[in-house]
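Listed here are the chains, written in short residue letters.
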Amino acid sequence: MRIALGADHAGFHLKDSLKRTLDEIGVTYQDFGTSSAESVDYPDFAQAVAAGVASGEFDRGILVCGTGIGMAIAANKVPGIRAAAITDTDTAKLSREHNDLNVLTLGARGTPEARAGDIVTVFLATPFAGGRHALRVSKIHQIEK
Ligand code: RB5
């Protein structure tokens, strides 16, 4: 599994901590930045990561900003992306099973490192349930057309 990682200045610390989780799980990743506290614009990183996932170069994306919300809004503008701000492992699991979430967004201001690592672990381990959910996901993408 190949993961595209990105963050803005509010999320880069948490993004770096998530690399340890990804190393432990044994997945490969590419870091699209940012890598400092210098102020940047989150849509730039959301677009880069989302485009990488939508093109098929990466299997999933993980984006971190202050709240996770701006990253989710921006990533969802890229056709083929299903992004959501996730705050707990229960919704991480359901977002995979029901929505086939392909971009996880996290809010660094409200998500401790340990919980973020758990959310990422569940996000990467949980398969899409398919069935009735596949029809619903296909209807989401009909809206893009
Ligand atoms: C940056 O200050 C902040 O707006 C950003 O990290 C994010 O929370 C936006 O949704």
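Above this text sits the structure in question.
To start, this report covers the structure provided alongside it. (Residues numbered from 1 in each chain as written. Predicted model: local features only at pLDDT ≥ 70, side-chain atom pairs only at ≥ 80, totals over all residues. Heavy atoms only, no water.)

Before going further, it helps to examine the site of the ligand. By nearness alone, every residue bordering the ligand is listed as Asp8, His9, Ala10, Tyr42, Cys65, Gly66, Thr67, Gly70 and Arg109. The separation between an oxygen atom of the ligand and a polar side-chain atom of Asp8 is 2.6 Å. With respect to the ligand, the backbone of Gly66 contributes an N or O atom lying 2.8 Å from an oxygen atom. Protein contacts shield 72% of the accessible area of the ligand, which totals 300 Å² for the unbound molecule. (Near = heavy atom within 4 Å. Polar contact = N/O pair within 3.5 Å; in protein donor to acceptor, adjacent residues only side chain to side chain. Areas by Shrake-Rupley, 256 points an atom, 1.4 Å probe, with all protein chains shown as cover.)

This paragraph deals with the environment of Arg82. Among the secondary structure elements, Arg82 is positioned in the loop between α3 (69–75) and β4 (83–85). Arg82 gets classed as buried once you look at its relative accessible area, which sits at 15%. When the C-alpha positions of Arg82 and Thr28 are compared, they lie 21 Å apart, and in sequence the two are 54 residues distant. For Arg82, the residues in contact, after removing those within four places along its chain, are Asn76, Asn99, Asp100, Leu101, Asn102, Val103, Val137 and His141. A polar atom in the side chain of Arg82 sits 2.9 Å from the side chain of His141. (Helix = DSSP H or I, 4+ residues; strand = E, 2+ residues; numbered from the N terminus. Buried < 20%, exposed > 50% of the residue type's maximum accessible area, 1.4 Å probe, protein only. Contact = heavy atoms within 4.5 Å.)

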